[in-house]
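Here's the letter readout for the chains.
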Amino acid sequence: MLSSDFANLASEAKRMLDFGADWLHMDIMDGHFVPNLTIGAPVIKSLRKHTKAYLDCHLMVTNPIDYVEPMGKAGASGFTFHVEVSKENWQELIGRIKSKGMRPGVALKPGTPIEEVYPLIDSENPVEMVLVMTVEPGFGGQKFMPEMMDKVRALRKKYPSLDIEVDGGLGPSTIDMAASAGANCIVAGSSVFGAPEPAAVISLMRTSVSGNQEKW
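Attention here is on the structure that accompanies the text.

So, how was this worked out
Residues numbered from 1 in each chain as written. Predicted model: local features only at pLDDT ≥ 70, side-chain atom pairs only at ≥ 80, totals over all residues. Heavy atoms only, no water. 1 Å grid on protein atoms, 1.4 Å probe; cavity = no way out; pocket = protein on both sides within 12 Å on 5 of 7 lines; lining within 4 Å. Points joined across faces, edges and corners; volume = space filled by probe spheres on them. Helix = DSSP H or I, 4+ residues; strand = E, 2+ residues; numbered from the N terminus. Nonpolar A, V, L, I, M, F, W, Y, C, P; charged D, E, K, R; others polar. Core = buried A, V, L, I, M, F, W, Y, C linked by side-chain atoms within 4.5 Å. Buried < 20%, exposed > 50% of the residue type's maximum accessible area, 1.4 Å probe, protein only. Contact = heavy atoms within 4.5 Å. Pairing = 2+ DSSP bridges. Right-handed = clockwise from strand over helix to strand, strands pointing away. Axes fitted to C-alpha atoms, helices over the stretch in contact; angles between N-to-C directions. Salt bridge = Lys/Arg side-chain N within 4 Å of Asp/Glu carboxyl O.

When its volume is computed, the largest pocket comes out at roughly 830 Å³. Along the walls of the largest pocket sit 42 residues, with His25, Ile186, Val187, Ala188 and Gly189 positioned nearest its centre. Among the elements of the structure, β1 (23-29), β2 (54-60), β6 (163-167), β7 (185-187), α8 (190-193) and α9 (198-212) are those that each provide at least two residues to the lining of the largest pocket. Among the residues making up the lining of the largest pocket, the classes are represented as 22 nonpolar, 14 polar and six charged.

Among the nonpolar cores identified, the biggest contains 61 residues, and Met26, Ile44, Met71, Phe81, Val117 and Leu155 are the most heavily contacted of them. In this structure, Phe81 is in contact with Leu59, Pro64, Ser86, Trp90, Leu93, Ile94, Ile97, Gly105, Val106, Ala107, Leu120 and Val127, ignoring residues within four places of it in sequence.

When you tally the buried positions in β6, you get five out of five residues, the bulk of the element. Alternating residues of β6 divide into Asp163, Glu165 and Asp167 and Ile164 and Val166, and every residue in both groups is buried. In this structure, strand β5 (residues 129-133) lies alongside β6, joined through five bridges in parallel fashion. Across the sheet, the residue bridging to Val132 is Val166, located in β6. One crossover worth recording links β5 to the parallel β6 by way of helix α6 (residues 149-158), and it is right-handed. For the segment spanning β6, helix α7 (residues 175-181) and β7, crossover handedness is right-handed.

Okay, the side chain of Thr51 next. Looking at the secondary structure, you find Thr51 in the loop between α2 (41-48) and β2. Not counting residues within four places of it along the chain, the set of residues in contact with Thr51 comprises Leu17 and Leu24.

The next subject is the sheet that holds β1. Judged by pairing direction, the sheet is parallel, and its seven strands sit side by side in the order β1-β2-β3-β4-β5-β6-β7 without closing on themselves. Single-partner strands in this sheet number two, and they are β1 and β7. Each neighbouring strand pair of the sheet contributes to a mean axis angle of 25 degrees, computed without reference to strand direction. The sheet contact formed by β2 and strand β3 (residues 78-82) spans three bridges and is parallel. Considered in β3, the bridge of Cys57 is made with Phe79. Where α2 meets the sheet, it contacts β1 and β2, and its direction lies at approximately 175 degrees from that of β2.

This part covers the pattern of salt bridges. The final tally for this structure, using the stated rule, is 10 salt bridges. A salt bridge links Glu116 to Lys87; the nearest nitrogen and oxygen atoms lie 3.3 Å apart. On the criterion of sequence distance, the pair formed by Glu116 in the loop between β4 (103-108) and α5 (118-122) and Lys87 in the loop between β3 and α4 (90-99) is long-range, its members being 29 residues apart. Residue class for Glu116 comes out partly exposed when judged on its relative accessible area of 28%. As a salt-bridge pair, Asp150 and Arg153 come within 2.9 Å of each other at their nearest N and O atoms. Here Asp150 and its partner Arg153 are both found in helix α6, three residues apart, which amounts to about one turn of the helix.

By themselves, these figures tell us nothing about what the structure is for.
If you want it as structure tokens, here you go:
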């Protein structure tokens, strides 16, 4: 939704769901962990009044634990935090996210080794999704980094049933790379919002994922 018209967020959300989107990916940025400043819990709360959709919230923030309670109250469905800022408290963070009725996920920047998220998946109280950033987080419209697919392949091989999300530069020209590597949750912004027929782009990406699942 970072590529949407924020002044018309409710109607943009409905439009994307009507086009076939499964989730709405909400980018929460604090202007500190990443240079951009976007939306927070008040906007999630406002949007929740207009949709029952799964709100997949990606928190690009320095102190994710401070956001758990407000995001839970606002109606967030998923809460994905960054491993780079959670090395000391990820166990407590996962517990709090689940206690607020949200689904925990962990994200990693392009420069972060994939091994850093393994303990969070192997934990007795694990994250339920891993988000592999395929661009540097902070801004939409960036170019896909194909070298990140090695991380996706490593995750899929080690965790056959894990939800693996990719975010950044995904569209018709890059979806097959991501889907064949093992990604099953696809975040797409400008490639959908900027398309003459967004529904066709969503359908194409879904077909690529479902067609590649048998090969993993």
